[in-house]
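Residues per chain, in single letters:
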Amino acid sequence: MRKNLVLLSIILLICGVWAQNSSHPMAVHFPPAAIAAFQKIDAERIRAHVRFLSHDLLEGRGTGQRGGDIAAEYIATQFALDGLKPAGDNGTYMQKVPMVGITSAPESTFALVPSKGSARELKPLSEYVAYDETQQTDSTVNAEIVYVGYGVEAPEYHWDDYKGVDVKGKVLLMLVNEPTSEDPKFFKGKALTYYGRWVYKYEQAARKGAVGAILIHQTEMASYPWEVVRNSNSGEKSYLKLDGSPKLKVAAWIHLDAARELASMSGLDIGKLMADARSKDFRPVPLPVKLQAHMVNKVRPFESNNVIAMLPGSDAKLKSEAVMYSAHYDHLGMRPDMPGDNIYNGADDNATGCGILMEVAHAYADAAQKPRRSILFASVTAEEQGLLGSEYLGKHPPVPAGKITLDLNYDDVPPLGSPEEVEVSGSERTTFYPTVQALAEEFRLAIRPDSRPEAGHYYRSDHFSLARVGIPAFSINAGVKYKGHDAAWGMQQANEFTEKHYHQPSDEYHPESDFTGDAVMARFGFALGWEAASTPKLIGWQKGDEFEPARIKSGAK
Ligand SMILES: [Zn+2]
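Quick notes on the rules
- Residues numbered from 1 in each chain as written.
- Predicted model: local features only at pLDDT ≥ 70, side-chain atom pairs only at ≥ 80, totals over all residues.
- Heavy atoms only, no water.
- Phe/Tyr/Trp six-rings, centres within 6.5 Å; stacked < 30°, edge-to-face > 60°.
- Helix = DSSP H or I, 4+ residues; strand = E, 2+ residues; numbered from the N terminus.
- Buried < 20%, exposed > 50% of the residue type's maximum accessible area, 1.4 Å probe, protein only.
- Lys NZ or Arg CZ within 6 Å of the ring centre and 35° of its normal.
- Pairing = 2+ DSSP bridges.
- Polar contact = N/O pair within 3.5 Å; in protein donor to acceptor, adjacent residues only side chain to side chain.
- Contact = heavy atoms within 4.5 Å.
- Donors = N, O, S within 2.8 Å, 3.2 Å for Na, K, Ca; no water.
- Tetrahedral: all angles 85-135°; square planar, octahedral: opposite > 155°, others 65-115°.
- Salt bridge = Lys/Arg side-chain N within 4 Å of Asp/Glu carboxyl O.
- Core = buried A, V, L, I, M, F, W, Y, C linked by side-chain atoms within 4.5 Å.

Caption draft 1: Examining the packing of aromatic side chains more closely. On inspection of all chains with the given rule, the structure shows 34 aromatic pairs. Measuring from ring centre to ring centre gives 6.0 Å for Phe38 and Phe526, while their planes differ by 65°; the resulting arrangement is edge-to-face. Of this pair, Phe38 sits in helix 2 (residues 32-39) while Phe526 sits in helix 15 (residues 516-532), and the two are 488 residues apart along the sequence. We classify Phe526 as buried; its relative accessible area is 0%. The ring of Tyr162 is capped by Lys208, whose NZ or CZ atom sits 4.9 Å from the centre of that ring. Between Arg429 and the ring centre of Tyr458, over which it is positioned, the NZ or CZ distance is 5.3 Å.

Caption draft 2: A look at the sheet that holds strand 17 (residues 421-423). Taken together, three strands build an open sheet; the order of strands is 18-17-20 and the sheet is mixed. With partners counted over all chains shown, the strands left at the sheet margins are strand 18 (446-447) and strand 20 (477-478), one partner each. In terms of strand pairing, strand 17 meets strand 18 through two bridges, oriented parallel. Along strand 18, the bridge assignment pairs Glu421 with Ala446.

Caption draft 3: Broad picture of the side chain of Glu421. Residue position: Glu421 is located in strand 17. The exposure class of Glu421 is buried, given its relative accessible area of 12%. Here the side chain of Glu421 touches Lys481 through a polar contact of 3.0 Å, landing on its backbone nitrogen. Once you skip the residues sitting within four places of it in the chain, Glu421 turns out to touch Leu445, Ala446, Arg448, Asn477, Ala478, Gly479, Val480, Lys481 and Met521.

Caption draft 4: Structural context of the coordination of the zinc ion. The protein atoms donating to the zinc ion are His328 (NE2), Asp349 (OD), Asp411 (OD) and Asp411 (OD), with metal-donor distances spanning 2.0 to 2.7 Å. Geometry at the zinc ion is irregular, judged from the four donor atoms that bind it and their angles of 52 to 152° at the metal. Counting gaps between the donor residues of the zinc ion yields the pattern H-x20-D-x61-D. Of the two residues, His328 is situated in strand 14 (residues 322-328) and Asp411 in the loop between strand 16 (404-409) and strand 17; the sequence distance between them amounts to 83 residues.

Caption draft 5: Molecular detail of the pattern of salt bridges. The final tally for this structure, using the stated rule, is 21 salt bridges. In this structure, Glu321 and Arg373 form a salt bridge, with 2.8 Å as the shortest nitrogen-oxygen distance. Here Glu321, found in the loop between strand 13 (285-311) and strand 14, pairs with Arg373, found in the loop between helix 10 (347-366) and strand 15 (374-380); they are 52 residues apart in sequence, far enough to count as distant. Within the structure, one salt-bridge network assembled from shared partners comprises Arg120, Lys123, Glu127 and Glu261.

Caption draft 6: Region of the structure containing the nonpolar core. Formed by 88 residues in total, the largest nonpolar core has its most connected members in Phe110, Trp253, Ile254 and Leu291. Leave out the neighbours within four places in its chain, and Trp253 touches Glu127, Tyr128, Val129, Val176, Trp198, Tyr202, Leu215, His217, Tyr224, Trp226, Val229 and Asn233. Ranked by size, the runner-up nonpolar core spans 72 residues in total, among them Val50, Tyr74, Ile375 and Val520.

And the structure:
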């Protein structure tokens, strides 16, 4: 009963604004059929999807594993029940993503060998994690280690850690993150840019001809603890099938303690090395230590699927364009060798986002009237493996990227009750932002600025893969202020989740969780998407934005 009242008041709120001001720029696009569809979005249906997808029987929805495939089939089945059109390969809901699973075998070795003194073999998982990106069964590295600071080459910020030094055939030791600054014009100030991400660092090292790269883990700099690195880099790891770009034989992380040891082996101090990297004048430092690594790999080519459905638009012309919704369904699978609970259920991450995606799809499918542009629903695979499913989707979209006006992504929307804030970081960089602001106001949701821009969340979820090909894209999530609690409570919940449950087997479904907020985020996203499907012009990135060149290249008008 109470729930219905809340729903009704939201609907009345929208209708009210509509009635008061018929020339309201956004309300004109909400016909009664959309309101009625919207009204049906139900927290308990989202709960049911989350409960199923995070069940132990789905074995943690590992990419290319049985549980992941069952999740994909479940989502495709929901799309079919909704009568949505398949938008995958050959008239199916499935878009095949060719991948290769790499498992580092126990006989792999990773040793630091100083020019004088004895070698030090590092212990897997507790001291280092490493993968061979070349997709070979066997790789050997015996190469000098060169410390390259942040490993960043960013001409627009006049920053170059390489200084033209030839690092071909070397192993590069580097810091995560990027030079810190308060100046918004310098690496966007406190905010993390793509240069600070490990993905960039490996890519750049490979482009420079290095054979390996070792990232030094430090909790504050990475913004997540070593356990996250370890859990995301053990067991099988997936890659998109080789496409000709250069790859590393050793792509590694080492624990800060091991890095400290490596520095002292070289007669250097880790603190000083880290401090030196902050200077523009930093130059690469060759260390008198070699990495001797033997990578023995199990290589398993396989396919996993993105699940894609479409609701054709109602406007004869605009239906060739689309709004996209996305949410990854994969998680970390299971670790049969681990004692105790070894299923990474991924309830919050990201059964919640999938539940929302399916409920939004259901609402659109049920609507008596359809939006003008088409709507795409994409549940992608291999996010936890480095945004691979969405990367493939961005490179092979069912509708050309230049005709996709917006991607709205959901990733890990915690079931914590009724939110009074929404996070839509990245939306402020698009021409859609005034609409986002207006709708947030109607939903009585305060827009919460990225609470930790230094964590670079924008580059860590699937919307980024779509932004890279030019599509205006961002994720929708609740902030930290919930009804009946102060912001400190919400912050504490978030911190506790990051420390204790994020990427751990304990990210599980709890019957007592309150999915009200997930439904609010679904309704808010529905409203944003409906609006984006109705505007006369396609949405773009603001002038000078890092993704604007890609948008222009995509041919979007
Ligand atoms: Zn996620």
